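# Descriptive structure summary
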Amino acid sequence: MPQLPLTGIRILSVEQYGAGPWATMMLADLGAEVIKIENPRSNGDVGRFVPPYTGEKDSIYFQSFNRNKKSITLDIQHEKAFSVLHPLVKASDCVFNNLRGDLPAKLGLDYPSLKDIDPSVVCCSLSAFGRSGSRMSEPGYDYLMQAYTGWMSITGEPDGPPQKTGPSIVDLSAGITAALAVLAAIMRSRESGIGCDVDVSLFDTALSELAYVASWHLTSGYQPKRFKHSSHPSQIPSQLLPTNDGWMVVMCAKEKFYRSLVEIMGMPDLGEDPRFATFEDRLVNRDVLVTILEEASMSKSTTEWLELLKGKVPCAPVNSVSEAFKDEQVTERGLVVNIPHPEFGEIKQVASPINLSDTDTIYKRGPVLGENTEQVLKEMLGWTDIQISDAYQEGVV
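Residues numbered from 1 in each chain as written. Predicted model: local features only at pLDDT ≥ 70, side-chain atom pairs only at ≥ 80, totals over all residues. Heavy atoms only, no water.

## Regarding the sheet that holds strand 2 (residues 33–38)
The following threshold applies: One bridge is not enough; two strands pair if DSSP finds at least two bridges between them. Helix and strand definitions follow DSSP, with helices as H or I runs of at least four residues and strands as E runs of at least two, each counted in order from the N terminus. The axes are straight lines fitted to the C-alpha atoms, using for helices just the contacting stretch, and the angles between their N-to-C directions are given from 0 to 180°.
Read across the sheet, six strands follow the order 3-2-1-4-5-6 without closing on themselves; strand pairing throughout is parallel. Two strands in the sheet have a free side with no partner beyond their single neighbour: strand 3 (70–73) and strand 6 (196–201). Taken pair by pair, the neighbouring strands of this sheet meet at an average axis angle of 20 degrees, ignoring direction. Of the strand pairs in this sheet, strand 4 (residues 94–97) and strand 5 (residues 122–127) are connected by four bridges, and their pairing is parallel.

## Observations regarding the packing of aromatic side chains
The description of an aromatic ring pair rests on the distance of the ring centres and on the angle between the ring planes. The condition is simple: Planes of paired rings set the category: under 30 degrees apart is stacked, over 60 is edge-to-face and the rest tilted, where pairs are Phe, Tyr or Trp rings (Trp by its six-membered ring) whose centres lie within 6.5 Å. To sort residues, take the accessible area from a 1.4 Å probe on protein chains only and compare it with the maximum for the residue type: under 20% means buried, over 50% means exposed, and anything in between is partly exposed. To sit over a ring, a charge needs its Lys NZ or Arg CZ within 6 Å of the ring centre and within 35 degrees of the ring normal.
Inspection of every chain in the model, using the stated rule, returns nine aromatic pairs. An angle of 70 degrees between the planes, with centres 5.8 Å apart, marks the rings of Trp22 and Phe65 as edge-to-face. Of this pair, Trp22 sits in helix 1 (residues 19–29) while Phe65 is found in helix 2 (residues 60–66), placing the two residues 43 residues apart along the sequence. Measuring from centroid to centroid gives 5.2 Å for Trp216 and Tyr222, while their planes differ by 80 degrees, and the two rings are edge-to-face. For Trp216, a relative accessible area of 32% puts it in the partly exposed group. The ring of Phe227 has Arg286 sitting right over it, with the charged end atom 3.9 Å from the ring centre. In this structure, Lys300 packs its charged tip against the face of Trp305, placed 5.7 Å from the ring centre.

## Structural notes on the nonpolar core
The condition that has to hold: Only buried residues count toward a nonpolar core, which is a set of Ala, Val, Leu, Ile, Met, Phe, Trp, Tyr and Cys residues joined through side-chain atoms within 4.5 Å. We call two residues in contact whenever any of their non-hydrogen atoms come within 4.5 Å of each other.
Core analysis: the largest hydrophobic core is formed by 34 residues, its most contacted members being Ile11, Cys94, Phe96, Leu126, Val182 and Val198. Taken together, the elements giving at least two residues each to this core come down to helix 1, strand 4, strand 5, helix 7 (169–192), strand 6 and helix 8 (202–208). Per-element tally for this core: the top contributor is helix 7, with eight residues. Contacts of Val198, omitting those with residues within four sequence positions, involve Val122, Cys123, Cys124, Ser125, Ala181 and Ala185. Of all hydrophobic cores here, the second largest spans 28 residues; its members include Val84, Val89, Cys123 and Leu381.

## Some thoughts on unusual backbone geometry
The amide bond that connects Pro51 to the next residue, Pro52, takes the cis arrangement and shows omega of 15 degrees. Take Pro52: it is sitting in the loop between strand 2 and helix 2. Here the residue pair Ile236 and Pro237 is connected by a cis peptide bond, since its omega of -5 degrees sits within 30 degrees of zero. Inspection of the secondary structure puts Pro237 in the loop between helix 9 (211–220) and strand 7 (238–243). The phi dihedral of Tyr17 falls on the positive side, at around 70 degrees, and the residue is not glycine. Judged by its relative accessible area of 34%, Tyr17 falls in the partly exposed class. Even without being glycine, Asn43 reaches a positive phi, approximately 65 degrees. Its place among the elements puts Asn43 in the loop between strand 2 and helix 2.

## Digging into the pairing of strand 11 (residues 345–350)
A regular strand places its side chains so that they alternate between the two faces of the sheet. Note that strand 10 (residues 336–341) and strand 11 share six bridges and pair antiparallel. Following the sheet pairing, Asn338 is matched in strand 11 by Lys348.

## Examining the environment of Glu56
Counting through the fold element by element, Glu56 comes out in the loop between strand 2 and helix 2. Separated by 174 residues in the primary sequence, Glu56 and Ser230 have C-alpha atoms spaced 42 Å apart.

## Here's the deal with a nonpolar patch on the surface
The following threshold applies: Note on patches: the residues involved have over 30% relative accessible area and no salt bridge, like charges join within 9 Å, and the nonpolar side chains Val, Leu, Ile, Met, Phe, Trp and Tyr join within 5 Å. To be clear on the numbers: accessible area is Shrake-Rupley with a 1.4 Å probe, and residue cover counts the displayed protein chains and nothing else. The salt bridge criterion pairs a side-chain nitrogen of Lys or Arg with a carboxyl oxygen of Asp or Glu, the two atoms within 4 Å.
A contiguous nonpolar patch, built from Tyr17, Val46, Tyr141, Leu144 and Tyr148 and spanning about 470 Å² of accessible area, is present on the exposed surface. Accessibility expressed as a relative area gives 48% for Tyr141, which makes it partly exposed.

## Digging into the pattern of salt bridges
Counted by the stated rule, this structure contains 20 salt bridges. Close ionic contact of Asp29 with Arg67 constitutes a salt bridge, the shortest N to O distance being 2.8 Å. Highlighted residues: Asp29 in helix 1 and Arg67 in the loop between helix 2 and strand 3, separated in sequence by 38 residues. Like Asp29, the residue Arg67 is buried in the burial classification. When the shortest N-O distance is used, the salt bridge between Asp197 and Arg131 registers 3.5 Å. You can see Asp197 sitting in strand 6 and its partner Arg131 sitting in the loop between strand 5 and helix 6 (142–148), a full 66 residues away along the chain. Judged by relative accessible area, Asp197 falls into the partly exposed class, the value being 33%. Taking relative accessible area as the criterion, Arg131 reaches 22% and is therefore assigned partly exposed. Each of Glu15, Lys36, Asp45 and Lys69 takes part in one network of salt bridges that share partners.

## Digging into the side chain of Arg48
Quick note on the threshold: Under the rule applied, a polar contact is a pair of N or O atoms within 3.5 Å (in protein, one hydrogen donor and one hydrogen acceptor; residues adjacent in sequence only if both atoms are side-chain atoms).
Along the chain, the position of Arg48 falls in the loop between strand 2 and helix 2. For Arg48, the side chain forms a polar contact with the side chain of Glu38, separated by 2.7 Å. Those residues within four positions of Arg48 in sequence are excluded, and the remaining contacts are Glu38, Asn43, Lys57, Asp58, Ser59, Phe62, Ser71, Pro367, Val368 and Leu369.

Pasting the structure below:
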């Protein structure tokens, strides 16, 4: 079997919690060697202690972000930390961190600090607000970014409070953005021999993901707002519809889907009604049309509607998380993997969303705190047992 595509890429990562570990896990799943640097004075990544399912300096939360990695302990603020860090930098492609934007330079983790050690090294910072601007020294989290960038203001029902998304989408998407940026910079570095700083932030990522809504607003003054039952701002009807036992979603992103929907719902005349003939017409008469559709959708169960609509109108049930994992697509695509773990017995996780036709991803549990410290010091740096013992005693590792 061919090697995974990122085999041979080595990343040192000063990371914790969600966004940063998610970025490097995406790379580790594709074969990169990720060496996670954890502070021995603080018991490592705070994610190791996130409830409700915790163990000895470990948690299922931590495992969800740190499979396929190695862990070493290193106090990067120790006066002798450079004796470990700098040789590791020379042997790596990237130094990654998800610290506050002002800290990489202070801790010697940015390109100006490391280019004399290795001019080809890529230094990626994934921070809350980026490495410039008045907020660069502020900490930040997914929830805050959803508030700052307007996401919450357009999420939820019109008469309800602003809402966040269910999963921590800003953290996860910023992690993927950072992983993409790291790969692009490493590709260039391997060609040119010159590395760089890569600056990715939660704020920038969340703002960019306003995408077409942002362009409508910036170009034409569009004022986004929330619509009843999570309706799309312009493609009508694309929204939740109530059924007699729950909810379904229909997505009429093409004119033919709208006409199929109203025909299947027993109202073919609505397809020719001049009030609803085009997207523009339906946008103007949204409230009238949606009221008619919602009254009609209540006549059948979700299952009954989906059987009628499948293959003709894009549609879906509104599943619970439990129901989502019972979907046949999950089994057919092999989307749940079982990973042996010494404390939890077996951890079930969602597989990597990236599939290669000729290579299978191998899944290994996230590392115990400092599990690979001695291995890395011996194999990569050539340290002796005495040197390693001294480093432990001095608090370097």
